[in-house]
Amino acid sequence: AARWGADRVVAESNMGGEMVAATLAQADIALPVVPVHASVGKARRAEPVAIAYERGQVVHAGVFETLEDQLCGLQVGGGYAGPGRSLDRADACVWALAALLDGLRNGKEPGVRRV
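A few points on the structure. (Residues numbered from 1 in each chain as written. Predicted model: local features only at pLDDT ≥ 70, side-chain atom pairs only at ≥ 80, totals over all residues. Heavy atoms only, no water.)

Next up on the list: the overall build of the chain. For the chain, the count of helices and strands is four helices and two strands. Going from the N terminus to the C terminus, the chain shows its helices and strands as β-α-β-α-α-α. Looking at the chain residue by residue over its 115 residues, the buried ones come to 25%. Put simply, 53% of the contacts in the chain that link residues at least 6 apart link residues at least 24 apart. Working note: accessible area of the chain is about 8,200 Å², and carbon and sulfur atoms make up 55% of it. (Helix = DSSP H or I, 4+ residues; strand = E, 2+ residues; numbered from the N terminus. Buried < 20%, exposed > 50% of the residue type's maximum accessible area, 1.4 Å probe, protein only. Contact = heavy atoms within 4.5 Å. Areas by Shrake-Rupley, 256 points an atom, 1.4 Å probe, with all protein chains shown as cover.)

Here it is as structure tokens:
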């Protein structure tokens, strides 16, 4: 993760967050793991991020077909009508963007660090 300029890893504490920290430690990657706890469903959690997409605050640098298909499958009210049964990429994207958007609200500009 550090080679991409990350300063932390966001992991669901109720879905293997400890495993994420252990895996990073085993790989000798020294990044803080920020635990988050899922208290609402994936589609509901994605709503603020969807608004950021609609406002043009989120742009993908490249094509991520599987992620985009999963994001498009999320439905207002909590349903999912996308391909497959796993929303792994969409959920990871939502958690990451929520952390970035929270940083924006607190005056931190996201960016890319060259390493």
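The N-to-C vectors of helix 2 (residues 42–54) and helix 4 (residues 88–105) enclose an angle of 55°; their axes lie 9 Å apart at closest approach. Taken together, helix 2 and helix 4 sit at an angle that is classed as oblique. Where helix 2 crosses over helix 4, the handedness of that crossing is left-handed. Of helix 4, the residues touching helix 2 (which contributes Lys42, Arg45, Ala46, Val49, Ala52 and Tyr53) are Asp91, Cys93, Val94, Trp95, Leu97, Ala98 and Leu101. Here the contact of helix 2 with helix 4 is composed, by residue class, of 10 nonpolar, no polar and three charged. (Axes fitted to C-alpha atoms, helices over the stretch in contact; angles between N-to-C directions. Parallel < 35°, antiparallel > 145°, perpendicular 65-115°, else oblique. Left-handed = near helix turned anticlockwise from the far one by under 90°. Nonpolar A, V, L, I, M, F, W, Y, C, P; charged D, E, K, R; others polar.)

Turning next to the pattern of salt bridges. This model, assessed by the stated rule, comprises two salt bridges. Here Arg45 makes a salt bridge to Asp91, at a shortest N to O gap of 2.7 Å. Of the two residues, Arg45 is situated in helix 2 and Asp91 in helix 4; the sequence distance between them amounts to 46 residues. Take Arg45 and Asp91: they sit in the same class, and that class is buried. One salt bridge in this structure joins Arg89 and Asp88, with 3.8 Å as the shortest N-O distance. (Salt bridge = Lys/Arg side-chain N within 4 Å of Asp/Glu carboxyl O.)

Looking now at the environment of Glu18. Note that Glu18 resides in helix 1 (residues 17–26). For the pair Glu18 and Pro35, spaced 17 residues apart in the sequence, the C-alpha separation amounts to 8.8 Å.

It is worth spelling out the side chain of Glu12 at this point. Considering the arrangement of structural elements, one finds Glu12 in strand 1 (residues 9–12). Although Glu12 is buried, it makes no salt bridge; Arg45 carries the closest opposite charge, 4.1 Å away. Side-chain polar atoms of Glu12 contact the side chain of Trp95, separated by 3.1 Å. (Lys, Arg positive; Asp, Glu negative; His and termini not counted. Polar contact = N/O pair within 3.5 Å; in protein donor to acceptor, adjacent residues only side chain to side chain.)

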